[in-house]
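# Architecture at a glance
Each chain, letter by letter, is given below.
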Amino acid sequence: MPRRRIGFWYRFAAVICKPPLVVLIKRDWRGMEHIPAEGGFITAVNHNSHIDPFAYAHFQYNTGRVPRFLAKSGLFKKGFVGAAMRGTGQIPVYRETTDALSAFRAAIDAVERGECVAFYPEGTLTRDPALWPMTGKTGAARVALQTRCPVIPVAQWGANELLPPYAKKPHLFPRKTHRVLAGPPVDLSAFYGQEMTPELLKEATEVIMAAITRQLEEIRGEKAPDVPYDPRRERIEQRRRTTAQSRRVLEEQVEQEEGQGT
């Protein structure tokens, strides 16, 4: 199947976005040979900065296979940004509505048409203290198993040094380097032909996230934690700590009152 025509809006966005990216960050991009020349596929990418979608899109644009990102539906509604999101064929995500599954269906349709769909499996900026990939959500695995398309794991590092997570001001100097490493397709064949239960999707997602993490280990020259950061587990643990602290405070108050009574 031929490559998707880049089109006016993608070229226009590139004209606007590429010059400042070229000025602000150097590039160390590897693994472009793993990006399929034809046919539909998924890229699964780690997320550690609010500007890394632009930096990663620059990498992907230069491969000739432009990505379709899943993005919050609010970005599509008004003004220039909305027009650009619609014009470049990005996929709106409607959270907690009756249209919540439309993004999943649109991603499948795009892959089956021979396009690239870029997933941030973590669903948000990583909350790992050292910015390693967190546990992932199952959307990428679901689309991959439904279509049996290639899943290319991609790790990136450097945009977070320009704009750290949740920072309000960029760190412009010294000039940062955006490092990208795309790997060979993740082997998900062991999951084909099975019922897509939550457990199966979780296992497939873990395989995808492990591949991304290995790529990031190579970029950073460090070993990632043995157990990925899990926001849900952390929230449960935080509630447990809060409950235990409240209990201790209450017990201390009771002891003080009893002491005063004697």
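Whatever comes next refers back to the structure up there.
Now for a look at the structure at hand. (Residues numbered from 1 in each chain as written. Predicted model: local features only at pLDDT ≥ 70, side-chain atom pairs only at ≥ 80, totals over all residues. Heavy atoms only, no water.)

## Thoughts on the overall build of the protein
- Each helix and strand in the protein was counted, giving eight helices and seven strands.
- Structurally, the protein occupies a C-alpha span of about 85 × 50 × 40 Å along its principal axes.
- Counting the 262 residues in the protein, one finds 44% classified as buried.
- Considering only contacts in the protein between residues 6 or more positions apart, those separated by 24 or more positions represent 75%.
- Entry remark: accessible area of the protein is about 14700 Å², with carbon and sulfur atoms responsible for 55%.
- Of the charged side chains in the protein, 38 are positive and 29 negative; the average position of the first set lies 11 Å away from that of the second. (Helix = DSSP H or I, 4+ residues; strand = E, 2+ residues; numbered from the N terminus. Buried < 20%, exposed > 50% of the residue type's maximum accessible area, 1.4 Å probe, protein only. Contact = heavy atoms within 4.5 Å. Areas by Shrake-Rupley, 256 points an atom, 1.4 Å probe, with all protein chains shown as cover. Lys, Arg positive; Asp, Glu negative; His and termini not counted. Charge placed at Lys NZ, Arg CZ, Asp CG, Glu CD.)

## Remarks on helix α2 (residues 52-62)
- With eight of eleven residues buried, α2 lies mostly within the body of the structure.
- For α2, the set of buried residues is Asp-52, Ala-55, Tyr-56, Ala-57, His-58, Phe-59, Gln-60 and Tyr-61.
- In the stretch just after α2, Gly-64 is the one whose phi turns positive, near 90°.

## What about the pattern of salt bridges?
- Inspection of the entire model under this criterion finds eleven salt bridges.
- Where Glu-218 meets Arg-30, a salt bridge forms, and the shortest distance between an N and an O atom there is 3.7 Å. Linking Glu-218 in helix α7 (residues 198-220) with Arg-30 in strand β1 (residues 25-30), this pair joins segments that are 188 residues apart in sequence.
- The shortest N-O distance in the salt bridge between Asp-230 and Arg-233 comes to 3.8 Å.
- One connected set of salt bridges, linked through shared partners, spans Asp-28, Arg-30, Arg-179 and Glu-218. (Salt bridge = Lys/Arg side-chain N within 4 Å of Asp/Glu carboxyl O.)

## A look at the sheet that holds strand β4 (residues 91-93)
- Strand order in the open sheet made by the seven strands is β1-β7-β6-β2-β5-β3-β4, with mixed pairing throughout. Either end of the sheet is taken by a strand with one partner, and the two such strands are β1 and β4. Within the sheet, the average angular offset between the axes of one strand and its neighbour, ignoring direction, is 25°.
- Taken together, the four bridges between strand β2 (residues 41-45) and strand β6 (residues 151-157) define a ladder with parallel strand orientation. Within the sheet, the bridge partner assigned to Ile-42 lies in β6 and is Val-151. (Pairing = 2+ DSSP bridges. Axes fitted to C-alpha atoms, helices over the stretch in contact; angles between N-to-C directions.)

## Regarding unusual backbone geometry
- For the bond from Phe-173 to Pro-174, the omega torsion is -10°, close enough to zero to count as cis.
- For Pro-174, the position within the fold is in the loop between α6 (159-162) and β7 (176-182).
- Not every positive phi belongs to a glycine, and Leu-131 is a case in point at roughly 70°.
- With respect to the secondary-structure elements, Leu-131 resides in the loop between β5 (116-119) and α5 (139-147).
- One non-glycine residue, Tyr-166, lies in the positive phi region at around 65°.
- Note that Tyr-166 resides in the loop between α6 and β7.

## So, the nonpolar core
- Ranked by size, the top nonpolar core spans 28 residues in total, and within it Ile-42, Val-151, Leu-188 and Ile-208 carry the most contacts.
- Sorting the residues of this core by element identifies β2, β4, α4 (102-112), β5, α5 and α7 as the ones contributing at least two each.
- Looking at this core, the element that brings in the most residues is α7, giving seven residues.
- When residues no more than four places from it in sequence are discounted, the contact partners of Ile-42 are Val-111, Val-117, Phe-119, Ala-140, Val-143, Ala-144, Cys-149, Pro-150, Val-151 and Ile-152.
- Within the second largest apolar cluster, 15 residues are counted, among which are Ile-35, Val-45, Tyr-120 and Ile-152. (Core = buried A, V, L, I, M, F, W, Y, C linked by side-chain atoms within 4.5 Å.)

## Topic: the packing of helix α1 (residues 7-24) against α2
- In the contact formed by α1 and α2, the axes pass within 10 Å of each other and the chain directions differ by 120°. Classified by chirality, the crossing of α2 by α1 is left-handed. For the pair formed by α1 and α2, the contact residues are Tyr-10, Arg-11, Ala-14, Cys-17, Lys-18, Leu-21 and Val-22 on the first element and Phe-54, Ala-55, His-58, Tyr-61 and Asn-62 on the second.
- Class assignment of the residues belonging to the contact of α1 with α2 gives a composition of eight nonpolar, two polar and two charged. (Left-handed = near helix turned anticlockwise from the far one by under 90°. Nonpolar A, V, L, I, M, F, W, Y, C, P; charged D, E, K, R; others polar.)

## Quick notes on the side chain of Gln-60
- Along the chain, the position of Gln-60 falls in helix α2.
- You can call Gln-60 buried: its relative accessible area is 0%.
- Setting aside residues no more than four positions away along its own chain, Gln-60 makes contact with Ile-35, Phe-41, Thr-43, Arg-65, Val-66, Pro-67 and Cys-116.

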